[in-house]
Amino acid sequence: MVVPVDGLIGPRVQHRADELVNPASVMKLVTTYAAMDMLGPDFTWTTRFYVDGDIADGVLYGNLYIRGGGDPKLVLERIQETFWALHSKGVQVILGDMVLDHSAFDLPPHDPAAFDGEALRPYNAAPDGLLVNFKSVILKFEPDRRAGVARVTSEPPLAGLDIQETIPLAGGGCGDWRGGLAADYSKPEKIRFEGRYPRRCGKQLWAVAYQDPDTYSARALEGLWRASGGALTGHSRYGLTPPGLKLLHEAHSLPLKDIIADVNQWSNNVMAQQVFLTLGQVAPDQVQELRAADGPLTPMRKGRFEHSKEVLRNWWVRTLGLRYSTPVVENGSGLSRTERLTPGALAALLLKAAQHPHGQAFVDSLSVAGVKGTAARIARSPNNAAHGKAWLKTGTLDDVSGVAGYVQALDGQRYVIAAFVNDAQARQGRPALDALVEWTASLGATRP
């Protein structure tokens, strides 16, 4: 479906616009625009640090409690900055435990292999009230030709995890170098390699979801605390934050406008689910309060998928009325076999977003054809009319290909585009979707 944004004329192209389809990751547009509209572009999440003992001479005589607020991007650099802030407030040694509270979200059990059998792929990571570094480990491989080995390093430092430090080098091409490593992730406390590393590969990185995700945050935060120069006499563990503790520090997330840029440009599934669950924390009568707030607010309830679906349904009707059926949403990321919406409904939502007071921030969150994000592969040639002129979200599953967003055409008009292929051979339809983007950008071109 291709529709001009100004709405002065009807659709330029329309085919089966009212048919429910699986949108794959394009569903993130619904989640991120709903968040932009309800929470505002400057909304932030807060991770709070409490103590239950006195602090003197760099020592905390008690436990440090870390209460997650659902921050979608609590990554290594920001954790390190926060730990340095704690040091500056007098805590270098913890004579007690580090207690991690991730109760901001109430989530069902999660099997990372359930979706496609790829439990170690970071895109299958589960959301968490205290999500740390996407529950992933970055393995770094660098050949040492003189020693005949590849040296292995990793980040973040995970407490209690032993990673094999060297792998024998092999000849031949790089090819499937990951498969050639014959990695063994079967034990949470060890990562081993039974294969070899091709010397021709040079330096390589491999991001893997940690094999025991339920212990990841505890291992990572303890490891990072020690790496920051801190000491811990106890251990890191999960627990609830008791009432009445002293609040020592608050760490605020990046603003929502930056978060949704990561979600939409790089199709980050777990960040999208964090945003979706945050919507479920907002009771209907709190929306106006959030919009008017000068700073973060404490949500009124725990984030649950059921709450988020309810909030999204109500918001959808308020936004588009009853003309378009409410999307079928499972987790808000598009990593789902059951999520559904119609191209016509999505186009209507994108038209609404273009007219929103914060509409430009939403458009800026999208990937740009031929330039950045997942749409960089579209219109790669600078001679393509869509190169740098289309702001898009792409979506791909085994049986889904999709694209939606905005295209600036040569006729001076901006168009909304929403197009999907649902078929066992959907990937073969990708060139047709790319051609539709280019055709839209070429509207108004002078024909010889």
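All of these numbers come straight from a predicted model, not from anything done at the bench. Every residue gets a number counted from 1 within its own chain, in the order that chain's sequence is written. The predicted nature of this model means local features are confined to residues of pLDDT at least 70 and side-chain atom pairs, given and counted, to a pLDDT of 80 or more, with totals for whole chains, interfaces and linings taken over all residues. Water and hydrogen atoms play no part in the side-chain values, which are based on all heavy atoms of the structure.

A. Up close: the overall build of the protein chain. Each helix is a run of DSSP H or I of at least 4 residues and each strand a run of E of at least 2, with the numbering of both proceeding from the N terminus. A count of helices and strands for the protein chain gives 11 helices and 22 strands. To get the radius of gyration, use the C-alpha atoms; to get the globule rule, take the number of residues to the power 0.38 and multiply by 2.2 Å. The C-alpha radius of gyration of the protein chain comes to 24 Å, within 12% of the 22 Å expected for a compact globule of 448 residues. A 1.4 Å probe rolled over the protein chains alone gives each residue an accessible area, and that area as a share of the maximum for its type sets the label: buried under 20%, exposed over 50%, partly exposed in between. Taken over 448 residues, the protein chain has a buried fraction of 55%. Contacts are assigned to residue pairs with any non-hydrogen atoms lying within 4.5 Å of each other. For the protein chain, the proportion of contacts with a sequence separation of at least 24, taken over those separated by at least 6, is 70%. In this description, accessible areas are obtained by the Shrake-Rupley approach with a 1.4 Å probe, and a residue is regarded as covered only by the protein chains that are shown. On the protein chain, roughly 19500 Å² of surface is accessible, and the fraction owed to carbon and sulfur atoms is 50%. His is not counted, nor are the chain ends, whereas Lys and Arg count as positive and Asp and Glu as negative. Note that the charge is assigned to NZ on lysines, CZ on arginines, CG on aspartates and CD on glutamates. Here the protein chain carries 47 positive and 47 negative side-chain charges, and the mean point of each set is 5 Å from the other.

B. Main features of the pairing of strand β20 (residues 390-397). Most of β20 sits inside the fold, with 7 of its 8 residues counted as buried. Alignment of strand β19 (residues 367-368) against β20, held across 2 bridges, turns out to be antiparallel. Of the residues in β20, the one forming a bridge with valine 368 is tryptophan 391. By this definition, two strands are paired if DSSP reports at least two bridges between them. Relative to strand β21 (residues 400-408), β20 runs antiparallel, the two sharing 8 bridges. Looking across to β21, one finds that leucine 397 is bridged to valine 400. Count of turn residues in the β20/β21 antiparallel hairpin: 2 residues.

C. View of the packing of aromatic side chains. Working definition: a ring pair exists when centres of Phe, Tyr or Trp rings (six-membered ring for Trp) sit within 6.5 Å. Plane angles under 30 degrees give stacked, over 60 give edge-to-face, the rest tilted. This structure, assessed with the given rule, holds 12 aromatic pairs. Judged by centre distance (5.7 Å) and plane angle (65 degrees), the ring pair of tyrosine 33 and tryptophan 315 falls under edge-to-face. Of the two residues, tyrosine 33 is situated in helix α1 (residues 28-39) and tryptophan 315 in helix α8 (residues 305-320); the sequence distance between them amounts to 282 residues. Judged by centre distance (5.8 Å) and plane angle (80 degrees), the rings of phenylalanine 141 and phenylalanine 193 are edge-to-face. Of the two residues, phenylalanine 141 sits in strand β8 (residues 136-144) while phenylalanine 193 sits in strand β13 (residues 190-193), which places them 52 residues apart along the sequence. Accessibility expressed as a relative area gives 2% for phenylalanine 141, which makes it buried. Through a chain of ring-to-ring contacts, the aromatic side chains of Phe141, Trp177, Tyr185, Phe193, Tyr197 and Trp206 assemble into a single cluster. Above the plane of the ring of tyrosine 324 lies arginine 323, whose end atom (NZ or CZ) is 4.4 Å from the centre. Whether a charge sits over a ring depends on NZ of Lys or CZ of Arg being within 6 Å of the ring centre and within 35 degrees of the ring normal. Here the guanidinium or amino end of arginine 414 rests over the ring plane of tryptophan 391, the centre of that ring lying 4.5 Å away.

D. A look at the pattern of salt bridges. We define a salt bridge as a contact between a side-chain nitrogen of Lys or Arg and a carboxyl oxygen of Asp or Glu at a distance within 4 Å. Per the counting criterion, the structure on display carries 17 salt bridges. Between arginine 192 and aspartate 162 there is a salt bridge, with its nearest N and O atoms 2.6 Å apart. Highlighted residues: arginine 192 in strand β13 and aspartate 162 in strand β10 (residues 162-163), separated in sequence by 30 residues. In this structure, arginine 427 engages aspartate 398 in a salt bridge whose closest nitrogen and oxygen atoms are separated by 3.7 Å. Here arginine 427 is found in the loop between β22 (414-422) and α11 (430-441), whereas its partner aspartate 398 is found in the loop between β20 and β21, with 29 residues between them in sequence. A residue is classified by how much of its surface remains accessible, and aspartate 398, at 52% relative accessible area, is exposed.

E. Molecular detail of the environment of glycine 373. Looking at the element boundaries, glycine 373 is found in the loop between β19 and β20. Sequence separation of glycine 373 and serine 308 is 65 residues, and the distance between their C-alpha atoms is 27 Å. Every residue in contact with glycine 373, bar those within four places of it in the chain, is listed here: Gln265, Trp266 and Ser367.

F. Quick peek at the sheet that holds strand β17 (residues 236-238). If you walk across this open sheet you meet the 5 strands as β17-β7-β5-β2-β18, and the pairing is mixed. The open sheet has two free edges, formed respectively by β17 and β18 (246-252), since each of these has just one partner strand. For this sheet, the mean angle separating the axes of adjacent strands, direction not counted, is 20 degrees. Taken together, the 3 bridges between strand β7 (residues 98-101) and β17 define a ladder with parallel strand orientation. Looking at β17, one finds that methionine 98 is bridged to serine 236. The sheet strands contacting helix α2 (residues 76-88) are β2 (46-51), β5 (64-67) and β18, and the helix crosses β18 at an angle near 150 degrees. All axes here are fitted lines through C-alpha atoms, helices being fitted over the stretch that makes contact, and every angle between N-to-C directions spans 0 to 180 degrees.

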